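# Summary of structural features
The lines below spell out each chain.
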Amino acid sequence: MANSDTQAEMTYRTLGRTGERVSAIGIGGWHLGLPQVDEKLALRIVRTAIDRGINFMDNCWDYNEGLSELRMGKALQEGYRHKVFLMTKIDGRTKKEAARQLEHSLERLQTDCIDLVQHHEILRFEDPDRIFREGGAQEALLEAKQAGKLRYIGFTGHKDPRIHLAMLELARERGFTFDAVQLPLNLMDAHFRSFARLVVPELVKDGIGVLAMKTLANGAILRSKTVTPIECLHYALNLPTSVVITGVDRMEILEQAFEAVRTFKPLSDEALQALLARTRTAAMRGEFEPFKTSSIYDGTATNPQWLGEEPEELQSQMQA
């Protein structure tokens, strides 16, 4: 666990070396724009979460064609924006496309500065190269930071821990250290292409905030019938996470998140090993982590235009 303190219903941790105080649970943005969630419910989820102590808000430029950001932007009016640490993500790999998407996000979220902006869906080994090359997305985010449009920079990905390691290594080569990294951390991941085993120690070593996602794998882990939702959340809270981001599409799920925090105690080694033993067999082939073993979660694979075009000098190499 990251350094933590507790007030009322929520525990707060430190976001890596930034020193920012963030809630141990964060609200995922994707669910706020799902068909079964109307605007009234989305606003109720966000504002109730904030009123009860959750201050970390997750979102993304591409979630539900921008609806998730629009709804969160509405929810953060009337004095709520200053109560939260706001994060969103952009898909662009080029400076031009990343800058365009960031402007959209600022407008939808109705803010002039986003606390944390992350390069989204680092799923391919070429993604780090595209982002850090001349004219790449990193230039856009660094310029936006200089202009006061964002405060911190991170990245996300759900495919393979080796790709995360490649992103971290290239950043080091370029003299840059990310402020936060978002990655799948759950009781199946512990056994299969494990981000927890391979990536988290590197983040801790460099003082990078650890943002857990897919803690229940969008419910897939529960279908294994090996663990409960609270056990899944407790496992992620037990890791050196700054925030465990969870999707909320019903008030009952928000209540579940608060219950997980209220009942959490650091797991003994015996308790942890018992949980891992229960999930080991089910986890071995990635069946309950489909984001690692299929493309169904890969928005940028379905929509490659979100990434932006390769530089003309590279495209010219393919011409006859």
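## Description of the overall build of the protein
- Across its full length, the protein carries 14 helices and 11 strands.
- Its C-alpha atoms put the protein at 60 × 45 × 35 Å along the principal axes.
- Evaluated residue by residue, the protein yields a buried proportion of 59% over its 320 residues.
- Taking all contacts inside the protein whose residues are at least 6 apart in sequence as the whole, residues at least 24 apart take part in 79%.

## Details of the pattern of salt bridges
- As enumerated under the stated definition, the model contains 30 salt bridges in all.
- In this structure, D115 and R151 form a salt bridge, with 2.8 Å as the shortest nitrogen-oxygen distance. Pair noted here: D115 is in strand β7 (residues 114-119) and R151 is in strand β8 (residues 150-156), with a separation of 36 residues, a long-range link.
- A salt bridge links E252 to R250, with the shortest nitrogen-to-oxygen separation between them at 4.0 Å.

## Things to note about the pairing of β7
- With 6 of 6 residues buried, β7 is to be regarded as a mostly interior element.
- Two strands pair when backbone bridges link them, and strand β6 (residues 85-90) and β7 are joined in this way by 4 bridges, in the parallel orientation. Its bridge partner being in β7, T88 is matched across the sheet by V117.
- The sheet contact formed by β7 and β8 spans 5 bridges and is parallel. By the bridge assignment, V117 is partnered in β8 with I153.

## A few points about the state of the cysteines
- Counted under the stated rule, the structure contains 0 disulfides.
- Free of any disulfide, C60 has its nearest neighbouring cysteine sulfur in C113, separated by 18 Å.
- Overall, the relative accessible area of 0% leaves C60 in the buried class.

## Details of the packing of helix α2 (residues 67-75) against helix α3 (residues 95-108)
- For the pair α2 and α3, interaxial distance at closest approach is 8 Å and the crossing angle is 40°. Compared by their axis directions, α2 and α3 come out oblique. Here α2 contributes E69, L70 and G73 to the contact with α3, which in turn contributes H104, S105 and R108.

## Describing unusual backbone geometry
- Backbone geometry places E65, a non-glycine residue, at a positive phi of 55°.
- On the secondary structure map, E65 appears in the loop between β5 (56-57) and α2.
- The class of E65 is exposed, set by a relative accessible area of 78%.
- Phi at K214 takes a positive value of approximately 55°, unusual for a residue other than glycine.
- Its place among the elements puts K214 in the loop between β10 (209-213) and α9 (229-238).

## Things to note about the nonpolar core
- If you look at the biggest cluster of nonpolar residues, it comprises 89 residues, and the most contacted ones within it are I54, M57, F178, L183 and L185.
- Looking at this core, the element that brings in the most residues is helix α10 (residues 251-263), giving 7 residues.
- Sequence-distant contacts of I54, that is, excluding residues within four places in its chain, are made with M10, S23, I25, G26, I27, A49, L254 and F258.
- Of all hydrophobic cores here, the second largest spans 11 residues; its members include A180, L211, V243 and I245.

## Quick word on a negative patch on the surface
- Together, E134, E309, E312 and E313 make up a negatively charged patch on the protein surface.
- Relative to the elements of secondary structure, E312 occurs in helix α14 (residues 312-315).
- On the accessibility criterion, E312 (68% relative accessible area) is exposed.

## Some points on α2
- Turning to α2, its buried residues are S68, E69, R71, M72, G73 and A75.
- Elements that come into contact with the buried residues of α2 comprise α1 (39-51), β5, β6 and α3.

## Concerning the packing of α3 against helix α5 (residues 137-146)
- Two elements in contact, α3 and α5, have axes whose closest approach is 6 Å; the angle formed by their N-to-C orientations is 45°. Taken as axis vectors, α3 and α5 run oblique relative to one another. In this structure, the crossing between α3 and α5 has a hand that is right-handed. Every residue of α5 that contacts α3 at K95, A98, A99 and L102 is listed here: A137, E139, A140, L141, E143 and A144.
- The class makeup of the residues in the contact of α3 with α5 is 7 nonpolar, no polar and 3 charged.

## Side note on the sheet that holds β6
- Ordered by their spatial adjacency, 8 strands build a closed barrel running β4-β5-β6-β7-β8-β9-β10-β11, and the pairing between neighbours is parallel.
- When strand β4 (residues 25-28) meets strand β11 (residues 243-247), the two strands line up parallel, connected through 4 bridges. Bridge assignment links G26 to a residue of β11, and that residue is I245.

## A closer look at α5
- If you check which residues of α5 are buried, you get A137, Q138, A140, L141 and A144. What you see down the axis of α5 is that its buried residues fit within an arc of 160°, all on one side.
- Directly beyond the C-terminal end of α5, a positive phi value near 80° is found at G148.

Reading guide: rules and limits
Residues numbered from 1 in each chain as written. Predicted model: local features only at pLDDT ≥ 70, side-chain atom pairs only at ≥ 80, totals over all residues. Heavy atoms only, no water. Helix = DSSP H or I, 4+ residues; strand = E, 2+ residues; numbered from the N terminus. Buried < 20%, exposed > 50% of the residue type's maximum accessible area, 1.4 Å probe, protein only. Contact = heavy atoms within 4.5 Å. Salt bridge = Lys/Arg side-chain N within 4 Å of Asp/Glu carboxyl O. Pairing = 2+ DSSP bridges. Disulfide = S-S within 2.5 Å. Axes fitted to C-alpha atoms, helices over the stretch in contact; angles between N-to-C directions. Parallel < 35°, antiparallel > 145°, perpendicular 65-115°, else oblique. Core = buried A, V, L, I, M, F, W, Y, C linked by side-chain atoms within 4.5 Å. Patch = residues over 30% accessible without salt bridge, like charges linked within 9 Å, V, L, I, M, F, W, Y side chains within 5 Å. Areas by Shrake-Rupley, 256 points an atom, 1.4 Å probe, with all protein chains shown as cover. Lys, Arg positive; Asp, Glu negative; His and termini not counted. Charge placed at Lys NZ, Arg CZ, Asp CG, Glu CD. Left-handed = near helix turned anticlockwise from the far one by under 90°. Nonpolar A, V, L, I, M, F, W, Y, C, P; charged D, E, K, R; others polar. Arc of directions from axis to C-beta.

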